[in-house]
Amino acid sequence: MQLEIINPANGKEIAKINQDNKASLSEKFNDLKKGQLDWQAKTVEQRRKIIMIFHDLLEKNIETLAEILTSEVGKPTQQSRNEINGARARISWLCSNAGKYLADEYMVEQEGMGEKIAYEPLGVICNISAWNYPYLVGINVIVPALLAGNTVLYKPSEFSSLTGLEIQKLLLEAGVPANVFEIAIGKGNIGAALLEMAFDGYFFTGSYKTGQYIYKKVAPKMVPCQIELGGKDPLYVTNDVEDLKNIAIGTADGAFYNNGQSCCSVERIYVQEKNYDAYVQAFVEEVKSWKAGLPTEEGVYLGALTRPEQIEILENQVKDALEKGAKLECGGKRINKPGNYFEPTVLSNVTNDMLVMQEESFGPIIGIMKVQDDEQAIHLMNDTDYGLTASVYSVSQKRAEAILSKVNSGTGYWNCCDRVSAALPWSGRKHSGFGATLSHAGIRAFTKPKAYHLRGDWKK
């Protein structure tokens, strides 16, 4: 059976590729099981050198890779290049720091007695990944898992399968053995089949509904299961900010970059009364200045949405907001042309009971709400089921951190938004998931610690 790949920018078929089945998945799993001990036996430095060749191959092939990525997910070509370069930066950090965080850690060093922690690989890892940033979210799992000595079965989303195959191709070209990294191709039924297999750890990036299903299925196995889910990320502009125009430009990009199809995109904006009108005006001016169209055209900022089903969700959020008294500042409807296009949409005078302020949009839409003070803003920022990121714009770091300390989110931003760093843990709370990728925590997430008590004339 074949998987049909559709270009979301024009609705045309790009390719048909063979899907996996239970028999092929079982064969791949068994190969990975056999290959794991040999891969673990390599030093971290040997594994690091191979991964850095992969890093260099991404740069060498960036134009072809960006073209493929744009063709299947619909993001502008320059944003595809940006994603690949961002992935390379993460690989560099992970490879530079893997040796330090995977090395034996000596906790007690006394004559006649030593105590250390060794970080052993989990074994064979299953990674069920997302389509919105297949290089970035893929690298978050694939690279630290391989560096730590695991083998990986990687299932890309059916919406980014061609990119998944390119990742596999370049990893093998870099020197990763075929029985160390395998790929599973298919839709949800293939993901479900993976849940029935005896992996040593599961790592998922995607929606809350699917993440909850996976967690329930994996729990009886008593193996690590890490879930990275979506967000309804709030942003608060206080009354002490000064450069409202540039703040509006930066935060508009934080809301609409990649068509808002990011778990850490700004999805709710709260502005203190003093700055509300001026901020909304500057924000809307910026949004209206963008070019929307075919993602392969030069200068396009808003390309096609990846999933056609998302358009109906956006339409319902607009309808609900307008019925409840919101003002439509711009956009509000699908663009009548082949492909999956929706106008960049800004809603003002919103209230927190509107769908656009409660349910994940994952598209080019934002609600902007007026608030009286920090206390009200904190209450509203916490008033969703999600807890991924939160942003505060203020001249005072002390004030911003005081606010962020009261917001239940895995990441806090002061005077910035929609940002990820390889040096910091990426983690969610509430319906945004649990566990961590990136940073030392994200490297060690792919290990199991072993405690050693060393009595005698021990040596490092």
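Numbers given for residues are sequential positions, taken from 1 along each chain in its written order. Two thresholds apply to this predicted model, a pLDDT of at least 70 for residue-level local features and 80 or more for giving and counting side-chain atom pairs, whereas whole-chain, interface and lining totals are computed over all residues. Values shown for side chains rest on all heavy atoms present in the structure; no hydrogens or waters enter the calculation.

A. Structural detail: the overall build of the protein chain. The secondary structure content of the protein chain amounts to 15 helices and 20 strands. Based on C-alpha atoms, the radius of gyration is set beside the globule rule, defined as 2.2 Å times the residue count to the power 0.38. What you see for the protein chain is a C-alpha radius of gyration of 23 Å, in line with the 23 Å of a compact globule of 460 residues. In terms of overall dimensions, the protein chain has a C-alpha envelope of 70 × 55 × 40 Å along the principal axes. For every residue, the accessible area (1.4 Å probe, protein chains only) is compared with the maximum for its type, and the residue is labelled buried under 20%, exposed over 50%, or partly exposed between those bounds. Out of the 460 residues belonging to the protein chain, those deemed buried represent 57%. Helix and strand definitions follow DSSP, with helices as H or I runs of at least four residues and strands as E runs of at least two, each counted in order from the N terminus.

B. Structural view of the sheet that holds strand β5 (residues 124-128). Should DSSP find at least two bridges between two strands, the strands are regarded as paired. Overall, mixed pairing links the 6 strands, which are arranged β7-β6-β5-β8-β9-β19 in an open sheet. The outermost strands of the open sheet, each flanked by one partner alone, are β7 (181-183) and β19 (433-434). Bridge count for β5 against strand β8 (residues 201-205) is 4 bridges, and the pairing is parallel. Residue Cys126 lies in a different strand from β8, and its bridge partner there is Tyr202.

C. Up close: the UniProt feature "domain: Aldehyde dehydrogenase" (unreviewed entry) in the protein chain. This chain's UniProt record puts "domain: Aldehyde dehydrogenase" (unreviewed entry) on residues 3-451. Across residues 3-451, helical content stands at 43% and strand content at 21%; the span's end C-alpha atoms are separated by 46 Å. UniProt positions are given in the numbering used here, feature names are shortened, and annotations may be inferred rather than shown by experiment.

D. The pairing of strand β3 (residues 105-110), seen in detail. Examined bridge by bridge, β3 and strand β4 (residues 113-121) share 5 bridges and lie antiparallel to one another. Residue Glu109 lies in a different strand from β4, and its bridge partner there is Gly114.

E. Representation of the domain arrangement of the protein chain. Each assigned domain of the protein chain is listed with its residue range as follows: domain 1 (2-229 + 432-455) and domain 2 (234-414). Segment limits for the domains were obtained from an automatic or database-derived domain assignment. Look at where the C-alpha atoms of domain 1 and domain 2 centre, and you get two points 31 Å apart. Taken residue by residue, the interface counts 20 residues in domain 1 and 24 residues in domain 2. Accessible area that two parts lose when put together, with a 1.4 Å probe and added across both, is what the buried area reports. Between domain 1 and domain 2, a total of about 1,800 Å² is buried, with carbon and sulfur atoms accounting for 55% of that surface. Broken down residue by residue, the surface that domain 1 buries against domain 2 is led by Gln79, Trp131 and Ser432, which jointly contribute 28%. When a carboxyl oxygen of Asp or Glu lies within 4 Å of a side-chain nitrogen of Lys or Arg, that pair is called a salt bridge. Taken together, the connections running from domain 1 to domain 2 amount to 0 salt bridges. Counted as a polar contact is a pair of N or O atoms within 3.5 Å, where, for protein atoms, one must be capable of donating a hydrogen and the other of accepting one, and residues adjacent in sequence contribute only when both atoms are in side chains. One can count 12 residue pairs in polar contact (both at pLDDT 80 or more) joining domain 1 with domain 2. Looking at the side of domain 1 that touches domain 2, the elements with two or more residues in it are α3 (62-73) and α4 (77-102). Residue polarity follows a fixed list, in which Ala, Val, Leu, Ile, Met, Phe, Trp, Tyr, Cys and Pro are nonpolar, Asp, Glu, Lys and Arg are charged, and the others, Gly among them, are polar. Class assignment for the residues of the side of domain 1 that touches domain 2 results in 8 nonpolar, 9 polar and 3 charged. Note on contacts: a residue pair is in contact if any heavy atoms of the two residues lie within 4.5 Å.

F. A look at the UniProt feature "active site" (unreviewed entry) in the protein chain. The positions UniProt marks with the feature "active site" (unreviewed entry) are Glu228. Judged by its relative accessible area of 11%, Glu228 is buried. Ignoring sequence-local partners within four residues, the contact set of Glu228 consists of Val137, Phe204, Thr205, Gly206, Cys263, Trp426, Ser432 and Thr437.

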